[in-house]
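# A look at the structure
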Amino acid sequence: MFGLYDIRRTVLACAVCVAALLITDPGRAASADDASAFPGPASDWHGFARHEILVQGKTASVVVPREPAAGRPWVWHGEFFGHKPAPDIALLGHGFHIVYLRVPDMLGCPEAVAHWNALYAELTGRYGLAKKAALVGLSRGGLYVYNWAAANPDKVACIYGDAPVCDFKSWPGGKRKGKGSSRDWQLILERYGFKSEAEALAYDKNPIDNLAPLAQADVPLLHVYGDADDVVPWDENTGLIAERYRKLGGSIILIAKPGVGHHPHGLEDSTPIVDFILNSVRE
């Protein structure tokens, strides 16, 4: 029979084994209660802990809720993380993680999608986040979230677009009504590997062209836009997304801001955005 000393020794040995497992198996999936899942030191982000991790040499920021919700839901930003943060702060209060991968000037190109794939695998595998992410595409961030979503429709809970770029011919190309950006148009040619402008203009995989995978996966969409936007004209981007997505049987909610241009982004009351994401994740 075990004596008291033997029991204590056994318990200590088990504790040592568990600690060794945590150290030697950093690739294990994190549990919902694993407070040390993300490496430190953490910085402060609106009263929440912000951690940074490196994946394929790219920096990802992860803001952690005080109490993760069941299933560890998360929001993933395409660009301009931290701008108009009210919805994120509210969702952190609901137990969401908030994520941003720093791959600027890639404009949703195939290499950017590959980096997103790597981060997704890291967050869902090593850190145990939910298998479906709520995506946020603000302005040019629309190219990131829609291009990744079209390649991974089964990994998307919903998409919230805020004056999102949905066709690079509109912005930065400026080939229709919009002002365009010559610098960023050159980046499009380089990042996507186009040999000429004509090749770029013939490209048929912009978000407005590539909605079928999302409709088939029943991914809900929400777009907030200014109807006086002359940088990312709504009718060339959000308008075409809505028209084509509905024809495919997809669901999209539109919130127009009369007389508003490309700025300011967001809504004065972010409740509709927060509710949309909460409801989409719960479905």
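Let me sum up the structure you'll find in this document. (Residues numbered from 1 in each chain as written. Predicted model: local features only at pLDDT ≥ 70, side-chain atom pairs only at ≥ 80, totals over all residues. Heavy atoms only, no water.)

Structurally, the position occupied by glutamate 79 is in the loop between strand 4 (74-77) and helix 2 (86-93). Put simply, glutamate 79 and tyrosine 100 are 21 residues apart on the chain and 7.5 Å apart in space, counted from C-alpha to C-alpha. Residue contacts for glutamate 79: discarding those within four places in its chain leaves Tyr100, Val103, Pro104, Leu138, Arg140, Gly141 and Tyr144. Of note is the side chain of glutamate 79, whose polar atom sits 2.9 Å from the side chain of tyrosine 100. (Helix = DSSP H or I, 4+ residues; strand = E, 2+ residues; numbered from the N terminus. Contact = heavy atoms within 4.5 Å. Polar contact = N/O pair within 3.5 Å; in protein donor to acceptor, adjacent residues only side chain to side chain.)

So, on to the sheet that holds strand 2 (residues 48-55). Spatially, 1-2-3-5-4-6-7-8-9 is the arrangement adopted by the 9 strands of the open sheet, whose pairing is mixed. Of all the strands in the sheet, just strand 1 (43-45) and strand 9 (252-257) have a single pairing partner and so form its edges. On average, adjacent strands in this sheet sit at an angle of 25° to one another, irrespective of strand direction. Those strands touched by helix 4 (residues 141-151) are strand 4, strand 6 (133-138), strand 7 (156-162) and strand 8 (221-226), and its axis lies near 145° from that of strand 6. (Pairing = 2+ DSSP bridges. Axes fitted to C-alpha atoms, helices over the stretch in contact; angles between N-to-C directions.)

Further remarks concern helix 2. When helix 2 is considered as a whole, its buried residues turn out to be Pro87, Asp88, Leu91 and Leu92. Projected down its long axis, helix 2 shows its buried positions confined to an angular sector of 135°, all on one face. The inward-facing, buried residues of helix 2 abut strand 1, strand 2, strand 3 (58-64), strand 4, strand 5 (97-101) and helix 9 (271-282). Note on helix 2: the residue one or two positions beyond its end, glycine 95, has a positive phi of about 95°. (Buried < 20%, exposed > 50% of the residue type's maximum accessible area, 1.4 Å probe, protein only. Arc of directions from axis to C-beta.)

All of the buried residues in helix 5 (residues 182-191) are Asp184, Trp185, Leu187, Ile188 and Leu189. Those residues of helix 5 that are buried are in contact with helix 6 (197-201). With its phi angle positive at about 75°, glycine 193 sits one or two positions after the end of helix 5.

Turning to the packing of helix 2 against helix 9, a few remarks are in order. The geometry of helix 2 relative to helix 9 is characterised by a closest axis approach of 9 Å and an angle of 45° between their N-to-C directions. With respect to helix 9, the axis of helix 2 lies oblique. Judged by the sense of rotation from one axis to the other, the crossing of helix 2 with helix 9 is right-handed. Across the interface between the two elements, Pro87, Ala90 and Leu91 of helix 2 pack against Ile273, Val274, Ile277 and Leu278 of helix 9. For the contact of helix 2 with helix 9, the class distribution of residues is 7 nonpolar, no polar and no charged. (Parallel < 35°, antiparallel > 145°, perpendicular 65-115°, else oblique. Left-handed = near helix turned anticlockwise from the far one by under 90°. Nonpolar A, V, L, I, M, F, W, Y, C, P; charged D, E, K, R; others polar.)

Counting residues in hydrophobic clusters, the biggest one holds 58 residues, and the most contacted among them are Trp76, Leu123, Leu135 and Ile159. It is helix 3 (residues 110-125) that provides the largest number of residues to this core, a total of 7 residues. Filtering out sequence-adjacent residues up to four positions away, leucine 123 remains in contact with Phe38, Ile53, Val62, Trp74, Val99, Gly128 and Leu129. Listed in part, the 21 residues of the second largest apolar core include Phe48, Leu92, Ile98 and Leu278. (Core = buried A, V, L, I, M, F, W, Y, C linked by side-chain atoms within 4.5 Å.)

What follows covers the pairing of strand 6. Of all 6 residues in strand 6, 6 are buried; the element is thus mostly enclosed. With burial as the criterion, each face of strand 6 is covered, one bearing Ala133, Leu135 and Gly137 and the other bearing Ala134, Val136 and Leu138. With 3 bridges connecting them, strand 4 and strand 6 associate as parallel partners. In the strand pairing of strand 6, histidine 77 is matched with valine 136. For strand 6 and strand 7, the ladder comprises 6 bridges, and the chain directions are parallel.

Tallied over the entire structure, the rule returns 11 salt bridges. With a shortest N-O distance of 3.0 Å, aspartate 105 and arginine 183 are connected by a salt bridge. On the criterion of sequence distance, the pair formed by aspartate 105 in the loop between strand 5 and helix 3 and arginine 183 in helix 5 is long-range, its members being 78 residues apart. Given a relative accessible area of 47%, arginine 183 falls into the partly exposed group. When the shortest N-O distance is used, the salt bridge between aspartate 154 and lysine 155 registers 3.7 Å. Linked through salt bridges whose partners overlap, the residues forming this network are Asp105, Arg140, Arg183 and Asp184. (Salt bridge = Lys/Arg side-chain N within 4 Å of Asp/Glu carboxyl O.)

It is worth stressing that arrangement in space is one thing and function is another; only the former is reported here.
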